[in-house]
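Read off the chains here:
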Amino acid sequence: MHHAPDQLTLGDVTVTRVKEYYGPAGLTPGQFFPDSPDGAWQEHRDWLAPDFWDPGTDQCRTAIQTWLLRSEGRTILVDTGVGNHKDRPYAPVWHRLDTEYLDNLAAAGVRPEDVDLVVNTHLHIDHVGWNTRLEGREWVPTFPNATYLVPRPDFEFWDPANGHRSVLGEGNRNVFEDSVAPVHRAGQVRLWDGGHRIDRNLRLDPAPGHTPGSSVLTLDSDGERALFVGDLVHTPLQLAEPDTNSCFCEDPAQSRATRHRLLGEAAERHALLFPAHFGGSGAVEVARRGPGFAVEEWAGFPRIS
Ligand SMILES: [Zn+2]
């Protein structure tokens, strides 16, 4: 594994961290993870604070970031954050953001027209935002030349026309309409189901529970492995306590089962784990410890600030 600032090389693939936001999640541990065991946060305080939890304000700290992959000559974005100017009346932390995300992407050497593939691990508010940008009064695809890979179970679940009830409820209001439908209308969405091979190094598979279509992107290249797991875990506490769900998990039992399965796979195959929202060094190698998992080693990314 070689390091450059904010970039790792894994086999024939480079992985770059592109920040949209780092700071308070607007939720305390008790709100965000209501089923975390009593005392667990205090027990693990010495390594959760300050990167993942601010005990002073009792706020969880979260990163919104894109994992930028370059593989076989193509430029690939894994998750697209919250986006700018989006009306999010039920999610005040994400309401009408105005961040420098596109400048951060440019600093990583990527103009919007350079992006070949966008992967939305699932269709929550904080994973699809930069799919589109505001042009006049219209939401248009931010990445005009990209194919957007979208898991079909989430596309069907979150389409308001289908009338599904969700745990997230109003928290995902407007998201399908302003960040998914415009890309679909432009003919840039490819719906996948069951599994999808991107290239020799990268593959998408279902990882349901957090949402029906939640997915995992597996990197396997020249003996190096990584799992891009979206919201399988939101905080490293869930490594030590893999039964702990976020309050946003649509199917709690399935979410726990998928978390145990994929963390086990990461530990056994020495795959670097890339969750969507870890602050600190962002990615982590895990090992089994007792009924859960422990941090074996953090990835070589600088701590986010
Ligand atoms: Zn998320």
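Residues numbered from 1 in each chain as written. Predicted model: local features only at pLDDT ≥ 70, side-chain atom pairs only at ≥ 80, totals over all residues. Heavy atoms only, no water.

For the overall build of the chain, give the residues involved together with the corresponding values.
A tally of regular secondary structure across the chain gives 8 helices and 18 strands. What you see for the chain is a C-alpha radius of gyration of 18 Å, in line with the 19 Å of a compact globule of 305 residues. For the chain, the spread of C-alpha atoms along the three principal axes comes to 50 × 45 × 35 Å. A buried classification covers 55% of the 305 residues belonging to the chain. The long-range share in the chain, meaning contacts at least 24 apart out of those at least 6 apart in sequence, stands at 69%. Of the roughly 12,500 Å² that the chain leaves accessible, carbon and sulfur atoms contribute 46%. Considering the chain, the positive charge centre built from 28 side chains and the negative charge centre built from 44 side chains are found 2 Å apart. (Helix = DSSP H or I, 4+ residues; strand = E, 2+ residues; numbered from the N terminus. Rg over C-alpha atoms; globule rule 2.2 N^0.38 Å. Buried < 20%, exposed > 50% of the residue type's maximum accessible area, 1.4 Å probe, protein only. Contact = heavy atoms within 4.5 Å. Areas by Shrake-Rupley, 256 points an atom, 1.4 Å probe, with all protein chains shown as cover. Lys, Arg positive; Asp, Glu negative; His and termini not counted. Charge placed at Lys NZ, Arg CZ, Asp CG, Glu CD.)

Provide a residue-level description of the environment of His-85, including the pertinent values.
By the secondary structure assignment, His-85 is in the loop between strand S6 (74-78) and helix H4 (101-107). Spatially, the C-alpha atom of His-85 lies 22 Å from that of Gln-188, the residues being 103 residues apart in sequence. Among all residues touching His-85, those that are not within four sequence positions of it are Arg-96, Leu-97, Asp-98, Leu-134 and Trp-139.

How would you summarise the nonpolar core if you had to cite specific residues and measurements?
Residues Leu-77, Trp-94, Leu-105, Val-115, Leu-123, Phe-143 and Tyr-148 are the most contacted members of the largest nonpolar core, which totals 32 residues. Among the elements of the structure, strand S3 (13-24), strand S5 (59-71), H4, strand S10 (147-151), helix H5 (152-158) and helix H6 (175-185) are those that each provide at least two residues to this core. Take this core: its biggest share by element is 5 residues, from H6. With 28 residues, the next largest nonpolar core counts Ala-40, Trp-41, Val-233 and Leu-273 among its residues. (Core = buried A, V, L, I, M, F, W, Y, C linked by side-chain atoms within 4.5 Å.)

I'd like a rundown of the coordination of the zinc ion, residues and numbers included.
All of the protein donors around the zinc ion are Asp-126 (OD), His-127 (NE2), Asp-231 (OD) and His-277 (NE2); their distances to the metal are 2.0 to 2.2 Å. Classification of the site at the zinc ion rests on its 4 donor atoms, whose angles at the metal span 80 to 156 degrees, yielding the label irregular. Each donor residue of the zinc ion lies on one chain, and together they are spaced D-H-x103-D-x45-H. With His-127 in the loop between strand S7 (117-119) and strand S8 (132-135) and Asp-231 in the loop between strand S15 (224-230) and helix H7 (237-240), the pair connects residues that are 104 residues apart, well separated along the chain. (Donors = N, O, S within 2.8 Å, 3.2 Å for Na, K, Ca; no water. Tetrahedral: all angles 85-135°; square planar, octahedral: opposite > 155°, others 65-115°.)

Kindly report on the packing of aromatic side chains, identifying the contributing residues and their values.
Inspection of every chain in the model, using the stated rule, returns 16 aromatic pairs. Here the aromatic rings of Phe-274 and Phe-301 are separated by 6.3 Å at their centres, their planes lie at 75 degrees, and the arrangement is edge-to-face. In this pair, Phe-274 is assigned in strand S16 (residues 272-275) and Phe-301 in the segment after strand S18 (292-298), connecting sequence segments 27 residues apart. With respect to burial, Phe-274 and Phe-301 carry one shared label: buried. Cation over ring: Lys-86 sits above Trp-139, and NZ or CZ is 4.4 Å from the ring centre. (Phe/Tyr/Trp six-rings, centres within 6.5 Å; stacked < 30°, edge-to-face > 60°. Lys NZ or Arg CZ within 6 Å of the ring centre and 35° of its normal.)

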